[in-house]
Amino acid sequence: MNTNVDVVIAGGGIGGLVTALCLHKAGFSVQIYEASQILKPLGVGIGMRSHGTKFLYELGLAEDLDKLGIRARATQYYSKNGQFIHEELRGLEAGYNWPEYLVHRGDLQLLLCKHVLEKVGKSSVVLGHKLIGFESFAEHVEVKFLDRSSNEIVKKSAKLLIGADGISSTVRTILYPDEGPPVWSGVAMWCGVQRVDKLFLDGRTTLLMGNLNRRLVVYPINENSICWFCHVRIDGPGVKLHKTADWNTIGRVEDILPLFEEMKTDFLDISNMIRTTEKVWEFPVTDRNPLPKWTHNRVTLLGDAAHAMYPIGGNGAAQAIFPIIREVRPAFPMEDTVTIGYNVADAQALVQCFQRYGPTVEALEEYDNIRRGIATSIVNSNRQGGPQQVLKIVDEHSPNGFKDIRDIISKEEVDAIIRKYNRLAGFDLNTLNNEPNVFPNDENKKEYTRDDKQKES
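Reference entry: report on the structure contained in this document. Keep in mind that this is a model prediction, so the values were computed, not measured.

Describing the overall build of the chain
For step 1, the next point in the chain: Along the backbone of the chain there are 15 helices and 20 strands.
For step 2, the next point in the chain: For the chain, buried positions account for 56% of its 457 residues.
For step 3, the next point in the chain: Counted over contacts in the chain with a minimum sequence separation of 6, partners at least 24 positions apart contribute 75%.

Okay, structure coming up:
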């Protein structure tokens, strides 16, 4: 065997980059191969819940995250008629020891790449190399890439291969050639980023409005921009995709504007926001059916390649960074018998398994065993609407509006729905706040004092 690297990662997205930083910090050698020839800030906004922030702070990104995005204060739920339902506090205001961030997805990816190049090395990220095959041997895996510049085949040997190449993962397709395309939810999403002179409300709040068939999400991603998503159910779940699941598909404002013109608030002109957005994207909301196994010999999956899920609960990217391990009885629905063990990221789980077994097949098998069950539970929960079931309940019981929200659903019921999802998805407040760092005695550890939290509020 002739390998000069412990781990090859296929995919330079958020999950792959965080994994590279984490493994390097733990003392393992790693190299990323990304199919794109240039990393551009693609996509729109993303919410980074406190469990993801905790781990990114350990990796030394605290100051950069504050410069890059907005510290979220709350999410406000509204009916399709614009009536206030509930306010859910987020981050420090909710009692977590770490903030929640609202950022541009592409900006976060470029920030992570910058840290990888600085800390892991300038040659640690190889662009323009698309994975086309791999073969596991007794002590190594040989990975084949197509160099898109020269059109030549490049071979790389490593101890392990991690497929972090997204929902349309080539690694996953090779492991499961008969799986087929992603599963469509029947919902199409339009989204955009609009520059504004002034942010709405306090500039740190997310608007969640509508029902599960027609829903609007709006939040700030920096001091001068807001990001919005319009979700529209246009078919039943599981039917054939109506369009390619591609972030780069340009959408038409005229297709959605009539569907949201009746949604009104006194603090945001929703119709004008959609109408005046310079560029709008459209794509189907998809996920993947859970797999029976992620790890095959010296190859495993991570992030969307392993557990693609609907964008619900501010939880998509965080699950690549910070999903949880726990005992689940049963996996779904979420029962009160679920007992929380301890929170770890995909990357964290790998590090802990590597520290126990080294960069070996045993480490990947252990990672698979502790991660796959809970990821399956979150995929299934998101298919049911996650915490946005609150909107569904209100809409079903008061389609024409209500006089008093307490006649429809109590604050205690809303809190219970949100707490249950938070517990499942890995950001139970008490568990997270009392969890030790992955890298103890770390110079990047960030502690928040009472004064810090008062400044935040």
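Quick look at the pairing of strand E11 (residues 152–158)
For step 1, the next point in the chain: Of the pairings in the sheet, the one linking strand E10 (residues 141–147) to E11 comprises seven bridges and is antiparallel in character. By the bridge assignment, Phe 145 is partnered in E11 with Val 154.

Re the pattern of salt bridges
For step 1, the next point in the chain: Scanning the entire structure with this criterion turns up 23 salt bridges.
For step 2, the next point in the chain: Residues Asp 6 and Lys 159 are paired through a salt bridge, measuring 3.2 Å at the closest nitrogen-oxygen approach. Of this pair, Asp 6 sits in the segment before strand E1 (7–10) while Lys 159 sits in the loop between E11 and strand E12 (160–163), and the two are 153 residues apart along the sequence.
For step 3, the next point in the chain: Under the relative-accessibility criterion, Asp 6 is labelled buried at 11%.
For step 4, the next point in the chain: For Lys 159, a relative accessible area of 27% corresponds to the partly exposed category.

Thoughts on helix H10 (residues 346–357)
Counting along an α-helix, one turn takes 3.6 residues, and residues three or four places apart therefore face a common direction.
For step 1, the next point in the chain: With twelve residues, H10 ought to run about 16 Å at 1.5 Å a step, and its terminal C-alpha atoms sit 16 Å apart, in line with that.
For step 2, the next point in the chain: Buried residues of H10: Asp 346, Ala 347, Gln 348, Ala 349, Leu 350, Val 351, Cys 353 and Phe 354, and no others.
For step 3, the next point in the chain: Two residues or fewer after H10 comes Gly 358, characterised by a positive phi angle close to 80°.

Notes on the nonpolar core
For step 1, the next point in the chain: Core analysis: the biggest nonpolar cluster contains 78 residues, and Leu 112, Phe 134, Leu 161 and Phe 354 have the highest contact counts within it.
For step 2, the next point in the chain: No other element matches helix H11 (residues 361–383), which puts eight residues into this core.
For step 3, the next point in the chain: Sequence-distant contacts of Leu 112, defined by excluding residues within four places in its chain, comprise Ile 14, Leu 17, Val 18, Leu 21, Leu 56 and Leu 61.
For step 4, the next point in the chain: Counting 26 residues, the second-largest nonpolar core is a separate cluster that includes Met 189, Val 285, Ile 409 and Ile 418.

What counts as what
- Here the residue index of a chain counts from 1 through its sequence in written order.
- Local features in a predicted model are, by the rule used here, given only for residues with pLDDT of at least 70; side-chain atom pairs are given and counted only at 80 or more, and totals for whole chains, interfaces and linings are based on all residues.
- Side-chain figures throughout are based on the complete set of non-hydrogen atoms in the structure, without hydrogens or water.
- Helix and strand definitions follow DSSP, with helices as H or I runs of at least four residues and strands as E runs of at least two, each counted in order from the N terminus.
- Residue exposure (1.4 Å probe, protein chains only): buried if accessible area is under 20% of the type maximum, exposed if over 50%, otherwise partly exposed.
- Throughout, a residue-residue contact means that at least one pair of heavy atoms, one from each residue, lies within 4.5 Å.
- A pair of strands is labelled paired if DSSP reports no fewer than 2 bridges between them.
- Whenever Lys or Arg places a side-chain nitrogen within 4 Å of a carboxyl oxygen from Asp or Glu, that contact is recorded as a salt bridge.
- To estimate how far a helix should reach, multiply one less than its number of residues by 1.5 Å.
- We call a set of buried Ala, Val, Leu, Ile, Met, Phe, Trp, Tyr and Cys residues a nonpolar core when their side-chain atoms join them within 4.5 Å.

So yeah, pure geometry; function would need other evidence.
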